[in-house]
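Each chain, letter by letter, is given below.
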Amino acid sequence: MTTAAVPATALLSVPAVRWPRRAVLGLLGALGVALVVAEVAWPAASRYTGPALLAAASLAIFVLVLRHSRRVDPLSARPWRSFAVLTALLAVGEGLAAVLGNGVNAAEAGPQDVALVTALPFAVFGCLRLIRSVGRIGTRVVLDAVVALVALAALLHVVLTAAVGPLTSSADSLMLLGYPAAGVLLCSVGLVTFAGVGNARRAAAGWLLACFASVAVVTVSGAISAVQPSALLDVLTGLAWLAMLASGTLAVAADPGQGPAEDGDRRTVPLLGVVIGYCAAYGVVLVLLATRMAGRPIHPVEAVAVALLLVLTFVRTLVWAADGARLTRQVLRAEDFFRSLVHSAADITIVLDHRSRITWDSGAGSHPHGWSARDLEGRPLEDFVHRDDRAELLAAVDPAADPEESRGRTFRLRAKDGGWRAYETVRVVPVGALQTPGEPAATPRGGDGLVLHLRDADDKRASARELERLAYTDYLTNLPNRARLMAALGAARARTGDGDPACLLLLDLDGFKAVNDIAGHEAGDLLLVEVADRLRASVRDRDLVARLGGDEFTVLVRAGVAEAGALAERIVSDLAGVHRSVPTPGADPDLVFDVSCSIGLAELHPTDDVPTTIRHADLALRAAKAAGKGCVRRHGEAADSATGRRTRLARDLPDALSRGELRLVYQPVVGVVERRVLGVEALVRWDHPVLGEVSPEEFVPLAEDDGLIVPLERWVLEQATAELAGLLRRGLDLQLGINVSVRHLQSGTLAPDVAAALGRAGLPPGRLMLEVTESLFLSEPDRADSDLQTLHDLGCVISLDDFGRGYSSFALLARLPVDVLKMDREFLAGIEDDPRSAALVHSVIELGRRLSFDVVAEGVETAGQLAVLRDLGCRFLQGYLLGRPTPPADLPALIDAFDAGLLDGGQPSAAAPVVPAPRQP
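Report on the accompanying structure. These figures come from a predicted structure and were not determined experimentally. (Residues numbered from 1 in each chain as written. Predicted model: local features only at pLDDT ≥ 70, side-chain atom pairs only at ≥ 80, totals over all residues. Heavy atoms only, no water.)

Some thoughts on the sheet that holds strand β8 (residues 552-557)
So, point 1. Ordered in space as β7-β8-β6-β11-β12, the five strands form an open sheet in which the pairing is mixed. The sheet is open, and its two borders are formed by β7 (544-549) and β12 (632-634), each paired with just one other strand. Put simply, the sheet's adjacent strands are angled 20° from each other on average, direction ignored.
So, point 2. Pairing of β7 with β8 involves five bridges; the strand directions are antiparallel. Bridge pairing links V545 to V555 in β8.
So, point 3. In the packing of helix α19 (residues 561-575) onto the sheet, the strands contacted are β6 (503-510), β8, β11 (596-603) and β12, and the crossing angle to β11 comes to about 170°.
So, point 4. Its contacts with the sheet put helix α20 (residues 610-626) on β6, β11 and β12, and the angle it makes with β11 is roughly 140°. (Pairing = 2+ DSSP bridges. Helix = DSSP H or I, 4+ residues; strand = E, 2+ residues; numbered from the N terminus. Axes fitted to C-alpha atoms, helices over the stretch in contact; angles between N-to-C directions. Contact = heavy atoms within 4.5 Å.)

Some words on the environment of L239
So, point 1. The residue L239 is located in helix α8 (residues 231-254) in this model.
So, point 2. The exposure class of L239 is partly exposed, given its relative accessible area of 36%.
So, point 3. On a C-alpha basis, the gap between L239 and L54 in space is 9.4 Å, while along the polypeptide they are 185 residues apart.
So, point 4. With residues near it in sequence (within four places) discarded, L239 still touches G32, L35 and V36. (Buried < 20%, exposed > 50% of the residue type's maximum accessible area, 1.4 Å probe, protein only.)

Some words on the side chain of D543
So, point 1. Mapping D543 onto the fold places it in the loop between α18 (521-538) and β7.
So, point 2. For D543, a relative accessible area of 8% gives the class buried.
So, point 3. Only 2.8 Å separates the side chain of D543 from the side chain of R540, close enough to count as a polar contact.
So, point 4. D543 has contacts with V555, L556, V557, R558 and L567, leaving out every residue within four places of it along the chain. (Polar contact = N/O pair within 3.5 Å; in protein donor to acceptor, adjacent residues only side chain to side chain.)

So, the packing of aromatic side chains
So, point 1. Enumeration according to the criterion identifies one aromatic pair in this entry.
So, point 2. Both rings, one in W686 and one in F699, keep their centres 5.8 Å apart while their planes meet at 85°; by these two values the pair is edge-to-face. Remark: F699 occurs in helix α22 (residues 696-705) and W686 occurs in strand β14 (residues 676-688); sequence separation between them is 13 residues.
So, point 3. According to the relative accessible area criterion, W686 is buried, its value standing at 0%.
So, point 4. On the basis of relative accessibility, which here comes to 0%, the residue F699 falls in the buried class. (Phe/Tyr/Trp six-rings, centres within 6.5 Å; stacked < 30°, edge-to-face > 60°.)

Interpretation in functional terms is not warranted from these geometric data alone.
Structure, rendered in structure tokens:
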């Protein structure tokens, strides 16, 4: 007697290498033919040959499985090793049966059954591992297994009693009941496994069920043969044995190698298990009823089995109802979540059935199209699509089309108010076939419909236009920006090759920086908007006005040089004039600024790329700036001389210090009361090797623009303090004045640089006077107050240079750490002949006296100016009349040779007012 249940456990593991299916099936087929031939040709010898062939088949499977288990991963090899042991025991049992001559079906138990019974625990162990590999063993699986087990046991009892009569015969109980019971158990496990696995492993589980069915055939035929021996039953048992091994082989080949059951399989109701359990239970009941109707009495065991099946199916029905209720709740929650998610999405989802009729629209009642769910549901989508766009709809919903081709299709849908809105297909998901509108209903494409995900293309187009506007428009003036200008220049350059001339005007505002520094950036922005409006009004419709950034504008003129030059002159005239600042917090509403513009003109040539044209226009603009601003310059064949000079100075300035081309000169400051030179002002000069002497007015702005002013002034501090220390050691009593740039203050290094220079020179701080301009206090008020106060507390003298030249605010004088006011030379122009100018100078001198400021008049060049200043009470004078800038080596001789009689030589002009000396408050 044999059992084939255990080989099926070969399917427990997931094979990592390919199983030799064809070779194994060929071997088993050859052994089956040999078995049949032996039973027919040599019936007497089949008692030995039959078990021997089965032993050989089992041994071959043992060798193959053992080799296979060594080539797979350790986790997958565990059940294979169990199967290898199991097939080895089966081979031993059949080998003993062959030696003893017991045949394929033994009449009673013998030594061969020891090995077969020993194999049963390995079969159970393998089956448990198989069920666990499918997933967690739950209550439903146990119920299905019990139902199948009871039903098959009852059916087995019917079959055995019908074949051999009452089961109280003298046949061996192991042969008659034990092995068939094991076969029934394994068939139950096979049914449950087939119902519970996922789709990926369904084929392997099917072959496994066939393997267990072969086991049942082997055990039942063996049980019948034990009571009624037959050669036909021996052939049936042997072939079923080989079929068992073959089915196990096919199950191994069909196993895809997956791990435990997927989460989705564990969360669903095992419908197939319910169907199998119910069919088995009611099938047995029907069989028993049929046999009872045929006159066969129902055995008490069978009656108990039927009652037990009824109870189990009732329990399974309750479990099924609980599963249905749970899934219903899940579906309702999922539907609520789905509806809230879809209704809150920006896209619209439309569900169509197989006839293209709308079954659901996520935008119904809330979307701008205005349709309600009642208006849409049940109506063909084609009814809402514009007639001209129906081809786009058909292309979008065609299931044969590539999904990428369906995406992006745009068609118009009719809104409830009669208007049309454009929609774009985002995604088309076929959940079934969609019948094309207009086609007969007899051409279904399978399935239940289609899901369209649409996006409102009107909003998308508006957003695209807005993004394009932001990308190509200046945010402040709404003029085209640099990106738009570059594209237009490229197109204009291409047209010049066809004889369509074009020119580029590059505009820069003159005096704009003062607006930002004094009135604030808000006033500067409003001024830029005003300039943009004037430019729009000045140019023609075909010309393009753009803003490059800051206070730079451009005009692309579609005309020749002469016409573009005339337009440039008109723009200069339109932008010239006084621009009043808009009142802003902290700014004086009465401030006015002279703002003009300089323009560089360059003609577009097809041989020049766009950057070259812009560079030409920039060179022409620099020439206009150098020519005095407020004018137009055209880029010619040769660069403008002023532009060339500026370009060369900017290129050579960084190396001027290292080459020793910079030097200092000193201009004396004379005291009227002391009648001698009291101090000197350090002035830097640049001896260019090619261009000669360069004045500070020319290269200091370049140093500020190129970020070189801080190292330049640091060098001036070091050089001037060292040279003053030498003059002091020679007995000269002098004070040193040095100009300070606002950029040096902004760098935050002014105070440390001054302290370091004084320390290295060994000068007391009171010998150094730092001359700053009013714009410094307006542009950097906090830093001016803190850093200059630090220097003032150190002992340095702070002088307000060019007083009255800029945008003076007397309120600043009350809080600034200032000791000296230096009147600008423009104050002195005309004081000899203009009483008002003289009165203005006198007011500054009187202001300094009342605020305890020393007042220095610079730019004294005539004896008449000196006389008026002396009579107005100005105590300190500086100018060419009293001393020109002198090298440090000649300064002692100049000071010693100073003629104090110069202070007495001038006589006041008759036009000078007679101002009485003010009384002390």
